[in-house]
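Each chain, written out:
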Amino acid sequence: MAIDVGQFINTFLEESFEGLELIESQLLDLRDDDAEAVNAIFRAAHSIKGGAGTFGFQAVGDFTHGVETLLDQVRTGVRPVTDELKALLLEAGDCIRDMLVAARDGAQTDAARIARVQERIDASLRAPGKRPIPFPPSEGARELEADRRSLEEGASNVQSGSDEGVVADTTDPGLGLRGPGWRIRFVPDPDVMRTGNDPLRLFAVLADFGDLQVRCELEGLPPLAELDPEECRMSWLLTLVSDVNKTDVEEVFEWVLDECTLEVEALDTAQVGDIDPVANDEITPPSLPVGPASMASDHEAVASERARSVGGTACLETVPDAAEGTSLEARGVGGVAVAGRSTPLPERRSTDTGSIRVGIDKIDGLINLVGELVITQSMLGQIGDEMVSGEQACLERLLEGLAQLERNTRELQESVMNIRMLPISFVFNRFPRLVHDLSARLGKRIELRLSGEQTELDKTVMEKIGDPLVHLVRNAIDHGIELPQKRIAAGKPESGQLHLHAYHKGGNIVIEIRDDGAGLDPRRLIAKAVERGIVAPGQELTDEQAHELIFAAGFSTAEQVSDVSGRGVGMDVVRKNIKALGGSVEVRSRPGRGCTFVIRLPLTLAIMDGQLVRVGGEIYIVPLVSIVESLQVRPEAVHSLAERQLVYRLRDEYIPIVFLVELLADGRPPGSLASALLVVVEADGQKLALVVEDLLGQQQVVIKALETNFRRIEGLSGATILGDGTVALILDVSGLIGLCGGRREAAGEVAAGVDAA
Amino acid sequence: MATILAVDDSASLRQMVVFTLKQAGHQVIEASNGQDALQKAKGSRIDLVLSDVNMPLMDGLTLVRELRKLPAMKFTPILMLTTESSAEKKQEGKAAGATGWIVKPFSPDQLLATVKRVLR
């Protein structure tokens, strides 16, 4: 039966990536004396190696072997845990990940890098317990490095002499010989069966090779009264007529070699003819010949039958009760030892959530179904509303049922949505490594604090927030937190604090990235913005407005573009990506005290709370989160600006008025403002007053993407299906603000004029 | 067919072993570490144990020692699934009471051949 191991590869890859994550997170705060952590790391590497071999990733297995050996040396106390070793192991982990990713995607690996790391692993292994070869030295460290290296070279020269292992002479004259057969004398130790080895099974395997004759020697047996059924006091003389190798014969006894005396001698041709296994002189002649000498057709049956007949296996069937008491006692002692060992790993940023693995497509299918259910429910709800003319009792029952359906639907929806929710630790977990590497490279000292790692958010949102977060963290380390000398000079602790904090607030998840670095310098920001032509010279900006400049396109405050954060992606892209998720990012800064970025994200992208509004006879949906308030128009608060642009004065704020009907219903003339309603919405700190004809209900809507079902339209974020089956478009407030960009600026400028007037 | 207890902390290896054994018609009980395996062994009649060595909570060697203390498991074949082909590691397993070993990596066919050898 051929079994394709390919079907297990996905599981192997998944668990390997998890293992690598564990290796990384445990390595970052590893100490010599933390045996549990060292063991956990070792096990992870060990599993990757084992699986790699099994599932055909030979290169991964070979590479991981070196890593495993290093870890084994740490585990057994031979090798100390040094920063260099950690760095080497971290990089080796990266190599393994790259190799696995390449294997999965059929891509190329960075062979040169892998070879380099392999070389360093080999070098470390050649110098047992010595410091692993460090990273290529930086300018400053070069002199020291040269000294150290000459020392090391001296040492490794000495080492190489003793390292030449003596090749054991394993040549056996009988090896590989094929003869007419083998005479085997097998004298097992009395305890052989205590390891579950049954001589009969060995003979059965031998019988597969050819004609086997078994003779049991019983003179070792004690008198019946002294017989211990758990001991094997017999020995055997076997004659195997077969052309198998001697090695094959010995391999059969592989598991018991250390628990027996085994002699395997070639039969000569004469002996084959005379099948009767006459004992040679060294062997005590058998006192009790076993069974007829004829070689029956079923050798296996014969072999086992014979051995059984001498009582060799009686002990296998019966369990001596007498042993029960002592073994229970022993078990009790063992149990204590086990309990001591079984202390679970301390909870370290573990990603293990006791989760089950479910294919994302299945979940998406479920979510889709539940979406349909929501639609059905709202359809029924509408029928209920329309049945007012129906019989009273019937109607009540229907309404009651509908209320229940609504409750059930919502509960089901929540629990299904929950399946997609993952703790943000999945994203946070990459930061200890990132911070470790970056701070080492930049010569900064940084303490990373993570909190709220268990805060959950939708997997899709999670996947997309990783990169923006990485960018913000890089920025904080590169530009925010100062070098140790500078910090000391500023009267701050030498180590900078970087705090990632996540929590739920309203239907959102909030992620804060807080550092205690230098903070943003408004004057420098403005100077830079002027230089870049983003701000006109002489323009007055508040500190908050100055801070906002970092999100402007083409803005970078780094004096020199470093390889840390200068990757061609600016904060404008970060903000754009977060906005694309329906979220927002803002910055708070206190000069000299540090900087906090606050990211707000919706918990999920699949469902949202919406306000239904009527515009031009059509129903649109405004995301509830972006609505500030809705109000009846007071004509005296409407101010007219140039080019038919109106602004609405609301509590000393001028808000541009947008006639949705004009924007959405393609040139239809806007109706009168007098009877209209305004929905004031806000995104990115900007407000718009949307003119609508009517406010309808609020309800949860299942978002269907326009891109996949139709095409992307500026100002709309998607569509949904209402209870009566009609499609309603969902307004994208950020997009609308973008569309109305010109008017907004005009509003800003003219607002001053209106005030003056 | 036989009832086999398969113990490995690696899900992929376990899947492979379990699938292979089930295909061959055996009943399989799965465990992901020694503790888990010991619990499960106590509640069932088991013909063969296949166990990994390095596992969290309770390693394979401890598991073998514990299993051998159970009267019902005294002579049951226990094979260690080990990546170390070095004699030292094998002897550790034997000393703990293991019947023998299968060296990883192994193919499904090799696994079945070895299993057949101890289940006669």
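Parameters and conventions
Residues numbered from 1 in each chain as written. Chains lettered and ligands numbered in written order. Predicted model: local features only at pLDDT ≥ 70, side-chain atom pairs only at ≥ 80, totals over all residues. Buried ≥ 20, exposed ≤ 12 C-beta atoms within 10 Å, placed from the backbone. Helix = DSSP H or I, 4+ residues; strand = E, 2+ residues; numbered from the N terminus. Arc of directions from axis to C-beta. Contact = placed C-beta atoms within 7 Å. Pairing = 2+ DSSP bridges. Axes fitted to C-alpha atoms, helices over the stretch in contact; angles between N-to-C directions. Nonpolar A, V, L, I, M, F, W, Y, C, P; charged D, E, K, R; others polar. pLDDT = per-residue confidence, 0-100. Left-handed = near helix turned anticlockwise from the far one by under 90°.

Colleague: Go over helix α19 (residues 522–531) of chain A, please, and point to the residues and values.
Modeller: Residues and elements named next belong to chain A. Those residues of α19 not exposed but buried are L525, I526 and A529. Looking straight down α19, one finds its buried side chains confined to an arc of 95 degrees; they lie on one side. In α19, the exposed residues that point more than 90 degrees away from the buried face are R523, R524 and E531. Elements that come into contact with the buried residues of α19 comprise α20 (543–548). Of the residues one or two after α19, G533 is the one with positive phi, at around 75 degrees.

Colleague: Residues and numbers for the sheet that holds strand β17 (residues 653–659) of chain A, please.
Modeller: Residue and element names in this part refer to chain A. Pairing in this open sheet of six strands is mixed, and the strands run β14-β18-β19-β17-β16-β15 from one edge to the other. Lying at the two open borders of the sheet, with one neighbouring strand each, are β14 (627–632) and β15 (638–640). Adjacent strand axes in the sheet meet at a mean angle of 35 degrees when their direction is disregarded.

Colleague: Run through the interface of chain B and chain A, naming residues and quoting values.
Modeller: Listed as interface residues are 41 residues of chain B and, on the opposing side, 38 residues of chain A. Breaking the side of chain B that touches chain A down by element, the ones donating at least two residues are α1 (11–23), α3 (60–69), α4 (87–96) and α5 (108–118) of chain B. The greatest single-element share of the side of chain B that touches chain A, amounting to eight residues, is contributed by α1 of chain B. Tallied by class, the residues present in the side of chain B that touches chain A amount to 18 nonpolar, 14 polar and nine charged.

Colleague: Give me the confidence of the model for chain B: which residues, what numbers.
Modeller: Residues and elements named next belong to chain B. Predicted confidence across chain B gives a mean pLDDT of 88, with 96% of residues reaching 70 or more. Within chain B, the lowest mean pLDDT, 80, falls on α4, and the highest, 94, falls on strand β1 (residues 3–7). This complex was scored by the predictor with a pTM of 0.52 and an ipTM of 0.88.

Colleague: A description of the packing of helix α3 (residues 58–75) of chain A against helix α5 (residues 111–126) of chain A should follow, citing residues and the corresponding values.
Modeller: In a pair of packed helices, the angle between the axes and the distance between the axes together describe the arrangement. Residue and element names in this part refer to chain A. In contact at an axis separation of 10 Å, α3 and α5 are set at 35 degrees when each is read in the N-to-C sense. Relative to α5, α3 is oriented so that their crossing is left-handed. Contact residues: α3 offers F63, G66, V67, T69 and L70, while α5 offers I114, Q118, I121, D122, S124 and L125. Its residues assigned to classes, the contact of α3 with α5 comprises six nonpolar, four polar and one charged.

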